[in-house]
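# Observations on the model geometry
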Amino acid sequence: MIRYYVLTSRNLKCLKRQFASLPRTETTVVINTTLDWYRDDAMEWCKKNKIDYVVTESNGYPGRGKNSVLDHFLRSKYDYMVQIDGDDFMQPHGVNLYRAISASAQPPVLRLFRTESL
């Protein structure tokens, strides 16, 4: 199974744009920001649109957010993930391509690592 993760820290317009192509039921938004007002706005928007989200602690550097996404994925039941930065955008063809690849492939070595480490 595949999960799309959107990492967002400060731009609600860019977050909303993600869902022109990403399937809401297959996506988790990771809100990693030092801005209280943005965290609240992003959480409210996700709730209103029934999109799964998590809030993670930010230190203001991008590495912490990317690690938060990976940590969340490793605790999940999913075999594959696609991480999308909040200011980037996945085209609909990209969504279909990742679905097709994950449906026809064997889980990677990371899957074995996850199972042994849990």
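Before reading further, recall that the structure is shown in the block above.
This text gives an overview of the structure that appears in the document. (Residues numbered from 1 in each chain as written. Predicted model: local features only at pLDDT ≥ 70, side-chain atom pairs only at ≥ 80, totals over all residues. Heavy atoms only, no water.)

What follows concerns helix 3 (residues 62-74). Here helix 3 spans 19 Å end to end across 13 residues, near enough to the 18 Å set by a 1.5 Å rise per residue. Restricting attention to buried positions, one finds in helix 3 the residues G65, S68, V69, H72 and F73. Down the axis of helix 3, the buried set is contained in an arc of 130°. They therefore lie on one face. (Helix = DSSP H or I, 4+ residues; strand = E, 2+ residues; numbered from the N terminus. Expected span 1.5 Å × (residues − 1). Buried < 20%, exposed > 50% of the residue type's maximum accessible area, 1.4 Å probe, protein only. Arc of directions from axis to C-beta.)

Attention shifts here to the sheet that holds strand 4 (residues 80-85). Ordered in space as 3-2-1-4, the four strands form an open sheet in which the pairing is parallel. The open sheet is flanked by strand 3 (52-56) and strand 4, the only strands paired with a single partner. For this sheet, the mean angle separating the axes of adjacent strands, direction not counted, is 25°. The sheet contact formed by strand 1 (residues 2-8) and strand 4 spans six bridges and is parallel. Along strand 4, the bridge assignment pairs R3 with M81. The sheet contacts of helix 2 (residues 36-48) involve strand 1, strand 2 (27-32) and strand 3, and relative to strand 3 the element is tilted by about 165°. (Pairing = 2+ DSSP bridges. Axes fitted to C-alpha atoms, helices over the stretch in contact; angles between N-to-C directions. Contact = heavy atoms within 4.5 Å.)

All chains considered together, the criterion is met by five salt bridges. Notably, a salt bridge pairs R39 with D36, separated by 3.0 Å at the nearest N-O pair. One end of the pair is R39 and the other is D36, both in helix 2 and three residues apart, which spans about a single turn. Overlapping salt bridges bring together D36, R39 and D40 as one network. (Salt bridge = Lys/Arg side-chain N within 4 Å of Asp/Glu carboxyl O.)

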